[in-house]
Every structure is written in structure tokens, then in C-alpha cells.
Amino acid sequence: MHDVSKASTRRVGWIDAARALGACAIVLLHVLVSTNIAFELGSGREVAYAIAGIVASRWVVPAFFLISGVLFLDQGRQMDRHRVMAHVGRMLMTIATFGSVFALMQEVWVRMGEGMPINAGILLVVLVDVLTMRTWDHLWFIYALAGVYLLVPALRWVGSRFGARGHQLLTLVLFMLVLVVPTLRGGFVFAGPISSFLWNVAVGCTCFCVGGCLREWHLNPAWAAIGIGSALIMVMVSVAGLGAGVGDRGFIFLQGSCFACLYAVFVLLLLRYAVGEDALAEDGIAYALAKDSFGIYLIHPLYIHLAMMVVSPAMMVPVIYEASLGVGTLVASWVTTRLLRLLPFFDRLL
């Protein structure tokens, strides 16, 4: 997202296109997920949501890690410890600001619902929530990204010391141990927030390393078969789980899935083939969305929750409801990001 673009002054067209498309896809994904969790929609709509979510959006989170790997692991880019720590600091400041605000909103909402008093003591609870990663769910990515950034010097050292083959061997080992084996075993079981954090860092690091290989790969029939095949596997397993009454089988398409990672590689290769390396037009919507994609990611769940408090999808026409909520959320998040960037602190953060 925004963070990695500051690793270099030169913007890359296909990477910005991926950020822009990713911002739209992540909003759609959370519209579908939030609606499905909050309302009883019926089995037909649940299956449709699963298929749409996988095909349109489940490539996004692995792709964000992949893009970071493309940029940060490029040995031609300057990336010393000072620059790395600046990126880590930006993620920590994001957690301290947005994480605290979201945690405060969450605690206030819970206390109001339970008739509990709201006093200064809630600030200590919010601090504990942020430190234990119990703020809004989508911020797991920010926590994990901070952890992955800390590993960048070691990952770059492998590339500089052992070359492309050394990096590829490390990537293959991580891919098999972190993504393939757990996916085939039905996912990783978390024992608490710390194990969840460490696992997400491992997943992010693996996708990061795959991204470091991306410049050597090109769109071809083999990658098309791998990408489309991965999407089909995710859809079939998820739909079969819903049909059997055991749920959507999230392990097959969430960020720790080897199939989601492979699908993301295919989508990015497709974008690179279609868009190319040249920078996007600065007066275009895609360029603007790319620049604000980080803010959109952070802010969009707020507007989804607010909209669902006002309007029930049961009152709306399917497809029109999802499209209108998605577009409305995207625009509102985009405008909010632009307004926040008028402030010096948030301009550096977003």
C-alpha cells in the first residue's frame, strides 16, 4: 500500500494499479463479510457471497505483502536500517492512533450496550486492547506488517549474500512450511493473540519473499493455470463446506492459504502484463486511489458498520445493496483520507 511506495520516488504503473484495484476489492470483501456475519441472509446468498468474495477479493491481502516484497527486496533500491525503522515506526504510529480510536469506539459501544459507566478508566482498557492486538480485526495486517518490516534487513542479506537462488530456496522452504502444510492440514490453530501475531508475521514474511521473486516471473499459460486453478480450488472447497453445513472453510482462502497466495501472484502478473511499468496518469482515478489506498484500508470498516446500523440488507435489493454500500464506503473512506491528509501528521502517516 502507500507505505512501500515511499521506498522510491519512481512510481510503478502496475503496482499502483494493484493498489487501486486492491482498495476497491478490500472494501467489497468487508461489505460481504460484515453483512454475512451481521444478518441471516439464507444459504443461496451465503454461497454467492463466498464465491464473489474469493474470486474478486481474496487475492488482495497476500498481494499487499507481495507488493511490499517486490519493492523492499529489490537489491537495486536503497533500503538501510534507518529507512526500514522509519517504516516500522509508521506502522506503530498507525496502531497507536487508529488502533486506539477503534478500540475506544469498541469499548464505548460495549459499555453502552451493557449499561456500564463510561469513565477515564476506559483509557487503560483501550491501552491494553491495543497492546494485546484486540482492536478492530482488520488492523491485524498493520501489526503483522510492522513485524515483517523488522525482518527486511535479514531477508535482504540473504539475497545479497547468496544471490537470487538463495532467496528462491528460502522462499520455497517458507512457502512449503508456512503456507502449504498448514493449508493442507486445515489451517493453523491459534492459542492466543501472541501466536496469532507471530503466525501472521510468518505468513506475511513468506508472501514478502514470494514478492521478491516476482520480478523474475512472467505471465504465461502455466501461471494462468496455477492462478485460475487456485481460485477454483478455493471456491469448490468453500462451497462444499457450506453445503455440508460446516462453514465456509476459511483456511482455504484466508491470508495463510497457499492457494490465496498463488492466486495473488497470478493477479499481479496479469496486472503487470496489462498495465506495464510506466507510471499511471497523475490526473486519473486509479492513481488517486493508489495514493490513498492505505487510508482507505484503515478507515473503510467504520463506514460499513455505520451503514449497517442504519439499513438492513433484508430491506434492499441484492446486488444493488452490495454495490451501493461498496461504492458509498469507498467514496466516504477516500474523502475522509483526503481530509485527514490536510493535517501534517496524518499526511505523513497516510
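Structural notes, computed from the coordinates. (Residues numbered from 1 in each chain as written. Predicted model: local features only at pLDDT ≥ 70, side-chain atom pairs only at ≥ 80, totals over all residues. Heavy atoms only, no water.)

In terms of helices and strands, the protein chain carries 15 helices and 0 strands. Since a compact globule built from 350 residues should have a radius of gyration of about 20 Å, the 20 Å found for the protein chain is in line with a globular shape. Across its three principal axes, the protein chain shows a C-alpha extent of roughly 60 × 50 × 45 Å. Classification of the 350 residues of the protein chain by burial places 50% in the buried group. When contacts within the protein chain are restricted to residue pairs at least 6 apart in sequence, long-range pairs at least 24 apart make up 83% of them. A total accessible area of about 16,300 Å² is found for the protein chain, and carbon and sulfur atoms account for 69% of it. Separation of charge centres in the protein chain, based on 23 positive and 19 negative side chains, amounts to 8 Å. (Helix = DSSP H or I, 4+ residues; strand = E, 2+ residues; numbered from the N terminus. Rg over C-alpha atoms; globule rule 2.2 N^0.38 Å. Buried < 20%, exposed > 50% of the residue type's maximum accessible area, 1.4 Å probe, protein only. Contact = heavy atoms within 4.5 Å. Areas by Shrake-Rupley, 256 points an atom, 1.4 Å probe, with all protein chains shown as cover. Lys, Arg positive; Asp, Glu negative; His and termini not counted. Charge placed at Lys NZ, Arg CZ, Asp CG, Glu CD.)

So, on to the pattern of salt bridges. Pairing is possible between side chains that carry opposite charge, provided their charged atoms lie close to one another. Counting across every chain of the model gives 7 salt bridges. Note that E322 is salt-bridged to R45, the shortest N-O span being 2.8 Å. Here E322 is found in helix 14 (residues 320-340), whereas its partner R45 is found in helix 3 (residues 43-57), with 277 residues between them in sequence. With a relative accessible area of 9%, E322 lands in the buried category. Here D292 and R338 are joined by a salt bridge, their closest N and O atoms 2.4 Å apart. Here the residue D292 occupies a position in the loop between helix 12 (285-291) and helix 13 (293-310), and R338 occupies one in helix 14, the gap between them amounting to 46 residues. (Salt bridge = Lys/Arg side-chain N within 4 Å of Asp/Glu carboxyl O.)

We now examine the environment of G328. Within the secondary structure, G328 sits in helix 14. For G328, a relative accessible area of 38% corresponds to the partly exposed category.

Attention shifts here to the nonpolar core. Counting 99 residues, the largest nonpolar core has F98, I142, L268 and L298 as its most contacted members. Among the elements that make up this core, the one with the highest residue count is helix 11 (residues 258-275) (13 residues). Residues in contact with I142, not counting those within four places in the same chain, are M91, T94, I95, F294, Y297 and L298. (Core = buried A, V, L, I, M, F, W, Y, C linked by side-chain atoms within 4.5 Å.)

Once that is clear, we can look at the packing of helix 5 (residues 81-114) against helix 6 (residues 122-131). Two numbers describe how helix 5 lies on helix 6: the axes approach to 9 Å, and their chain directions differ by 125 degrees. In terms of their interaxial angle, helix 5 and helix 6 are classed as oblique. The hand of the helix 5/helix 6 crossing is right-handed. Within the contact between the two elements, helix 5 uses I95, G99, S100, A103, L104, E107, V108 and R111 and helix 6 uses I122, V125, V126, D129 and V130. A per-class count over the contact of helix 5 with helix 6 returns 8 nonpolar, 2 polar and 3 charged. (Axes fitted to C-alpha atoms, helices over the stretch in contact; angles between N-to-C directions. Parallel < 35°, antiparallel > 145°, perpendicular 65-115°, else oblique. Left-handed = near helix turned anticlockwise from the far one by under 90°. Nonpolar A, V, L, I, M, F, W, Y, C, P; charged D, E, K, R; others polar.)

Bringing the packing of aromatic side chains into the picture now. A complete count under the given rule lists 14 aromatic pairs for this structure. The interplanar angle of 50 degrees and the centroid separation of 6.3 Å between the aromatic rings of F98 and F102 together place this pair among those described as tilted. With a gap of 4 residues between them, F98 and F102 both fall in helix 5, about one helical turn apart. Residues F98 and F102 agree in their burial class; the two are buried. A ring pair is formed by F102 and W136, whose centres lie 4.3 Å apart and whose planes are at 5 degrees; its orientation type is stacked. (Phe/Tyr/Trp six-rings, centres within 6.5 Å; stacked < 30°, edge-to-face > 60°.)

With that out of the way, let us pick up unusual backbone geometry. One non-glycine residue, M133, lies in the positive phi region at around 60 degrees. Counting through the fold element by element, M133 comes out in the loop between helix 6 and helix 7 (140-150). With relative accessibility at 24%, the residue M133 sits in the partly exposed group.

Moving on, we come to the environment of F197. Turning to its location among the elements, F197 is positioned in helix 9 (residues 193-213). Expressed as a C-alpha distance, the spacing of F197 and A281, which sit 84 residues apart in the sequence, is 38 Å. Those residues within four positions of F197 in sequence are excluded, and the remaining contacts are M133, Y143, A144 and G147.

On to the side chain of D292, then. For D292, a relative accessible area of 0% translates into the label buried. If we ignore the near neighbours within four places in the chain, the residues touching D292 are W334, T337, R338 and R341.

Their axes nearest at 10 Å, the elements helix 2 (residues 13-38) and helix 4 (residues 60-72) cross at an angle of 155 degrees. Relative to helix 4, the element helix 2 lies roughly antiparallel. Seen from above, helix 2 lies across helix 4 with left-handed handedness. Seen from helix 2, the contacting residues are W14, I15, A18, R19, G22, A25 and I26; seen from helix 4, they are V60, V61, F64, I67, V70 and L71.

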